[in-house]
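Observations on the three-dimensional arrangement
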Amino acid sequence: MAQHDLTTPHDAESHGTFKSYTTGFLFSIVLTIIPIAVVLSGWLQGVANTLVLMAAAVLQFAVQLIYFMHLREEKKPRYNLVSLILGLIILLLVVAGSMWIMLYNMVAT
């Protein structure tokens, strides 16, 4: 039975540092507070409000991919591309589906 050396990282892969996790966490907090502040204070109305919310959502998605999913640190770039495309498809489906439901919800009218 083979013994594992406990001093080496798991499969020699990088899982991020405390600094990168802290940076990602702070970006996530800021990108959560901005839409809350815009909506609760009423700083923007209509299309501008929607654009700020969508931009914050897309940036939040990018922060999650880069800092927590380690998208840029993978050795095989093809997997990075596939992960990014899948994430973008899911993002577009969720955003488009939410907008469609909000625009065409007959129960609320």
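Now for a look at the structure at hand. (Residues numbered from 1 in each chain as written. Predicted model: local features only at pLDDT ≥ 70, side-chain atom pairs only at ≥ 80, totals over all residues. Heavy atoms only, no water.)

**Some details on the packing of aromatic side chains**
Where two aromatic rings form a pair, the distance of their centres and the angle of their planes describe that pair. Inspection of the entire model under this criterion finds 3 aromatic pairs. Judged by centre distance (6.2 Å) and plane angle (45 degrees), the ring pair of Trp100 and Tyr104 falls under tilted. What makes Tyr104 exposed here is its relative accessible area of 52%. (Phe/Tyr/Trp six-rings, centres within 6.5 Å; stacked < 30°, edge-to-face > 60°. Buried < 20%, exposed > 50% of the residue type's maximum accessible area, 1.4 Å probe, protein only.)

**Quick notes on helix α2 (residues 46–68)**
Given a rise of 1.5 Å per residue, 23 residues ought to cover 33 Å, and the 32 Å separating the end C-alpha atoms of α2 matches this to within 8%. Inspection of α2 places Asn49, Ala56, Gln60, Phe61, Val63, Leu65 and Tyr67 among the buried residues, and these make up the whole buried set. (Helix = DSSP H or I, 4+ residues; strand = E, 2+ residues; numbered from the N terminus. Expected span 1.5 Å × (residues − 1).)

**Quick notes on a nonpolar patch on the surface**
Taken together, Phe25, Leu26, Ile29 and Ile33 make up a surface patch of nonpolar side chains, about 390 Å² in accessible area. On the secondary structure map, Phe25 appears in helix α1 (residues 18–41). (Patch = residues over 30% accessible without salt bridge, like charges linked within 9 Å, V, L, I, M, F, W, Y side chains within 5 Å. Areas by Shrake-Rupley, 256 points an atom, 1.4 Å probe, with all protein chains shown as cover. Salt bridge = Lys/Arg side-chain N within 4 Å of Asp/Glu carboxyl O.)

**Focus on the environment of Gln45**
Within the secondary structure layout, Gln45 lies in the loop between α1 and α2. Gln45 sits in the exposed class, given a relative accessible area of 61%. Polar contacts involving the side chain of Gln45 include one to the main-chain carbonyl oxygen of Gly42, which spans 3.4 Å. (Polar contact = N/O pair within 3.5 Å; in protein donor to acceptor, adjacent residues only side chain to side chain.)

**Describing the layout of surface pockets**
Of the voids in this model, the second largest pocket is the one considered here, and its volume is about 170 Å³. Residue lining of the second largest pocket: Pro35, Thr50, Leu53, Met54, Ala56, Ala57, Val95, Ser98, Met99 and Met102, and that is the complete set. Mapped by element, the contributors of at least two residues to the lining of the second largest pocket are α2 and α3 (77–103). Element by element, the count of residues in the lining of the second largest pocket is highest for α2, at 5 residues. Its residues assigned to classes, the lining of the second largest pocket shows 8 nonpolar, 2 polar and no charged. (1 Å grid on protein atoms, 1.4 Å probe; cavity = no way out; pocket = protein on both sides within 12 Å on 5 of 7 lines; lining within 4 Å. Points joined across faces, edges and corners; volume = space filled by probe spheres on them. Nonpolar A, V, L, I, M, F, W, Y, C, P; charged D, E, K, R; others polar.)

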